[in-house]
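Coordinate inspection notes
Listed below, chain by chain, are the residues.
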Amino acid sequence: MSSATDTTVPNPSDHNQWYPFLDRPTPQQAGGQNPAVIPVTNVDPLPPAAAYVVVGAGIHGMSTAYHLAMALEKSGKGKGSDVVLIDKQGPGAGATGLACGCVRNLYMTGPLHSILRASVEVWESDPVNFGFQQVGYVSIGEANQEDDYIALNQSQVDSGYPSDLYIGAEAHSFLTNLWPDFKTANCDVVLHEHRSGYAGTHMAMWGLDQKCRQWGVRRVYGVTVAGYELDASGSVTAVQTDQGNIQCEQVVVGAGAWTPQHWEWLGGPSNLDVLYPDGHLEAGKDMWTYWRLLEGEVILPDGVDFRTAHHRDSPVLHVELMNTPVYGEDGSMIQDHVYTYLRYAAERVGVPGIQGGTIPIPIGPDANVEPYGHLNDAYQADDWFEEYYCATLGMLFKRFEGIRPYFKQRRNGGIGAFTPDNVPVFDHVADNAFVIADSNHGFKMIGVGKLTADMLVHGDKPWELKPFELRRYASGGTFGDRNSNCPWV
Ligand SMILES: Cc1cc2nc3c(=O)[nH]c(=O)nc-3n(C[C@H](O)[C@H](O)[C@H](O)COP(=O)(O)OP(=O)(O)OC[C@H]3O[C@@H](n4cnc5c(N)ncnc54)[C@H](O)[C@@H]3O)c2cc1C
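Each value, and the rule that gives it
- Residues numbered from 1 in each chain as written.
- Predicted model: local features only at pLDDT ≥ 70, side-chain atom pairs only at ≥ 80, totals over all residues.
- Helix = DSSP H or I, 4+ residues; strand = E, 2+ residues; numbered from the N terminus.
- Rg over C-alpha atoms; globule rule 2.2 N^0.38 Å.
- Buried ≥ 20, exposed ≤ 12 C-beta atoms within 10 Å, placed from the backbone.
- Near = placed C-beta within 6 Å.
- Nonpolar A, V, L, I, M, F, W, Y, C, P; charged D, E, K, R; others polar.
- Core = buried A, V, L, I, M, F, W, Y, C linked by C-beta atoms within 7 Å.
- Contact = placed C-beta atoms within 7 Å.
- Pairing = 2+ DSSP bridges.
- Axes fitted to C-alpha atoms, helices over the stretch in contact; angles between N-to-C directions.
- Parallel < 35°, antiparallel > 145°, perpendicular 65-115°, else oblique.
- Left-handed = near helix turned anticlockwise from the far one by under 90°.
- Expected span 1.5 Å × (residues − 1).
- pLDDT = per-residue confidence, 0-100.

**Let's talk about the overall build of the protein chain**
Scanning the protein chain for helices and strands turns up 12 helices and 23 strands. Computed over the C-alpha atoms, the radius of gyration of the protein chain is 22 Å, within 12% of the 23 Å expected from 2.2 N^0.38 for a compact globule of 489 residues. With respect to the principal axes defined by its C-alpha atoms, the protein chain has extents near 65 × 60 × 40 Å. Among the 489 residues that make up the protein chain, the fraction classed as buried is 51%.

This is the structure in structure tokens:
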């Protein structure tokens, strides 16, 4: 048995993967399923009944289970053991375990700012055990995004999430004060979010799993949900699993890329008419569209770091220059725009390094969800991604010119299920079944589980969750008013 901290162990998977908490097995070793990213220990057997069943041990299911158990205990309205958390593998077996871990508030959809304010409060509540590095977040746009950034900055400040805005020459001097080798061409507007940062995804899973244990959640890992038993009114009476049924009063689903399957089992629509605020209607739109993410890692060569002029860990950096092409080593254009993000990621790379990516690519309404993530041959980053990503780094920083040989050759990426407007749906699909469908950009949204727990224990739906109800599509409240090439800005 190798030591968990030994980076030199032979890797029989040939995937060139190393994770801090365990060596990652092949699909064959894992029975074709993406495994948990932390050791799965002291799990509970599936009980025949429970007041609350939470499905999915990703960021949302675990945050919900932890906050629910804590709220029940503190309010005297129940016990932590009234909460059963089920996952077919264990913590982080979905998108949560492989996310880039960026925690930001860069959204042109204003109501998300309050979701992120509620979320950063949770990240800040225990940064050590959640692996939260509050280094801040710097985003950069061209002049065509200036008005969006002004509105975004105002909305962030109003929602209790302070940020600073810099335009034109001020933007350039802010950037070069932070990173003296930064190349400011076309960087016309800059937003600096102070409460943002990143979290190591394995550490966040570890912390949440410990908190679930601490508050008495019954953690049932290795059990697969196979459907839901509904009564005549459509309420859930039991969750069906491969190890028998568990009767319950309330269900919360945080199933990530598997959400469409659970949604269908619970009777949610697969198509719907989507009405926009300007009166434009898209009839019969797919409820779910899969997208695949393009991400990768770069090792920092000796003598190169990703620190600021003041020797601090850098803020997470996000750059979208919609009118600035990116050229390859042979001078040909790879893409007609810059879209890149990066964060320091030694805990992911295994050595000092950075992790980041670019705009995801739509797949369509159907995708092979198994095996998930890095294990799925069909959804790895495209061949052009490595050159593109490294070229964007070299365009922005002198220190990263010629960095391509240090691109880490290993599997990356993953897929997610996006909603019709690419903005989360947090809503009941049956009167006692609440679905947290974050449209695949919600690792950062750890606070949704807390808001969901508040709703279940105290009765009223928190106002932060209300804009994300399903009925927005029918009532003309569809989101999507974003000036970006990316679906998650
Ligand atoms: C490559 C990549 C990078 C990303 N980077 C970021 C980022 O930097 N910042 C950010 O905010 N977001 C990011 N995201 C998005 C983010 O990771 C997801 O939105 C979020 O983690 C989803 O969490 P979840 O709890 O809904 O689902 P998941 O983490 O997918 O968890 C769902 C769980 O449900 C379980 N499950 C599913 N079906 C069943 C069943 N039938 N029975 C039992 N268990 C079941 C699975 O095993 C899984 O563990 C990224 C996503 C990807 C793929």
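**Focus: the site of the ligand**
Taken together, 38 residues sit near the ligand, with G56, G58, G94, G256 and G414 positioned nearest. Broken down by class, the residue content of the shell around the ligand amounts to 16 nonpolar, 17 polar and 5 charged.

**A closer look at the nonpolar core**
The biggest cluster of nonpolar side chains holds 146 residues, and the ones touching the most others in it are V53, A65, A69, L85 and V190. At 9 residues, the largest contribution of residues to this core is made by helix α1 (residues 59-75). The contacts of V53, once residues within four sequence positions are left out, are V84, I86, V239, I246, C248 and V251.

**Remarks on the sheet that holds strand β7 (residues 189-193)**
Across the sheet, which stays open at both edges, the 8 strands sit in the order β6-β7-β5-β16-β19-β20-β15-β21 with mixed pairing between neighbours. Of all strands in the sheet, those with a lone pairing partner are β6 (163-167) and β21 (414-418), marking the two edges. Across this sheet, the average inter-strand angle for adjacent strands is 20°, counted without regard to direction. Examined bridge by bridge, strand β16 (residues 316-321) and strand β19 (residues 338-344) share 5 bridges and lie antiparallel to one another.

**Thoughts on the sheet that holds strand β3 (residues 102-103)**
The sheet built from 3 strands is open, its strands ordered β3-β8-β4 with antiparallel pairing. Each of the sheet's edge strands pairs with one partner strand only, and the pair in question is β3 and β4 (132-133). Two elements, β4 and strand β8 (residues 197-199), share 2 bridges in a ladder whose sense is antiparallel. Of the residues in β8, the one forming a bridge with F132 is A199.

**Notes on the packing of α1 against helix α11 (residues 447-458)**
In the contact formed by α1 and α11, the axes pass within 7 Å of each other and the chain directions differ by 40°. Between α1 and α11, the crossing angle belongs to the class labelled oblique. Viewed along their axes, α1 and α11 form a crossing whose handedness is right-handed. Contact residues: α1 offers H60, S63, T64, H67, L68, A71, L72 and S75, while α11 offers V448, G449, K450, T452, A453, D454, L456 and V457. Grouping the amino acids of the contact of α1 with α11 by side-chain chemistry returns 7 nonpolar, 7 polar and 2 charged.

**Considering α1**
With 17 residues, α1 extends 24 Å from end C-alpha to end C-alpha; this agrees with the ideal 24 Å at 1.5 Å per step. Taking burial as the measure, the 17 residues of α1 include 14 buried ones, the bulk of the element. Just downstream of α1, G76 is the residue with a positive phi angle, here 75°.

**What to know about the environment of D438**
Tracing the backbone through its elements, the reader meets D438 in the loop between β23 (433-437) and α11. Given 28 C-beta atoms within 10 Å, D438 falls into the buried group. Taking the C-alpha atoms as reference points, D438 and G256, 182 residues apart in sequence, are found 7.5 Å from one another. In this view, D438 contacts H60, P424 and M445; residues no more than four positions away in its chain are not counted.

**With respect to unusual backbone geometry**
Glycine aside, the phi torsion of most residues is negative, and most peptide linkages are trans. Following E370, the chain continues to P371 via a peptide bond in cis, the omega torsion being -10°. Within the secondary structure, P371 is located in the loop between β20 (353-364) and α10 (383-396). One non-glycine residue with positive phi stands out, namely H311, at about 65°. You can see H311 is positioned in the loop between β15 (289-299) and β16. Using a count of 7 C-beta atoms within 10 Å as the deciding quantity, one classes H311 as exposed. The phi dihedral of N440 is positive, around 60°, even though this residue is not glycine. With respect to the secondary-structure elements, N440 resides in the loop between β23 and α11.

**Examining the environment of R411**
Within the fold, R411 resides in the loop between α10 and β21. R411 gets classed as buried once you count the C-beta atoms within 10 Å, which come to 20. R411 sits 23 residues away from Y388 along the chain, and the two C-alpha atoms are 17 Å apart.

**Here we look at the pairing of strand β14 (residues 281-286)**
Buried residues are scarce in β14, accounting for 0 of its 6 residues. For strand β13 (residues 271-275) and β14, the ladder comprises 4 bridges, and the chain directions are antiparallel. Bridge pairing in β14 places L272 opposite K285. Taking the residues that link successive antiparallel strands as the turn, the β13-β14 hairpin has 5 residues, and the phi of G279 there is positive, at about 90°.

**Description of the confidence of the model for the protein chain**
Averaged over every residue, the pLDDT of the protein chain is 93; residues scoring 70 or more account for 94%. The low-confidence segment residues 1-22, where pLDDT is below 50, has 33 contacts with residues more than four positions distant or belonging to other chains.

**What to know about the pairing of strand β22 (residues 425-430)**
Here is the key point about a regular strand: its side chains alternate between the two faces of the sheet. Pairing of β22 with β23, which is carried by 5 bridges, proceeds in the antiparallel orientation. Bridging across to β23, V425 finds its partner in A437. Here β22 folds back onto β23, and the loop between the two strands holds 2 residues.

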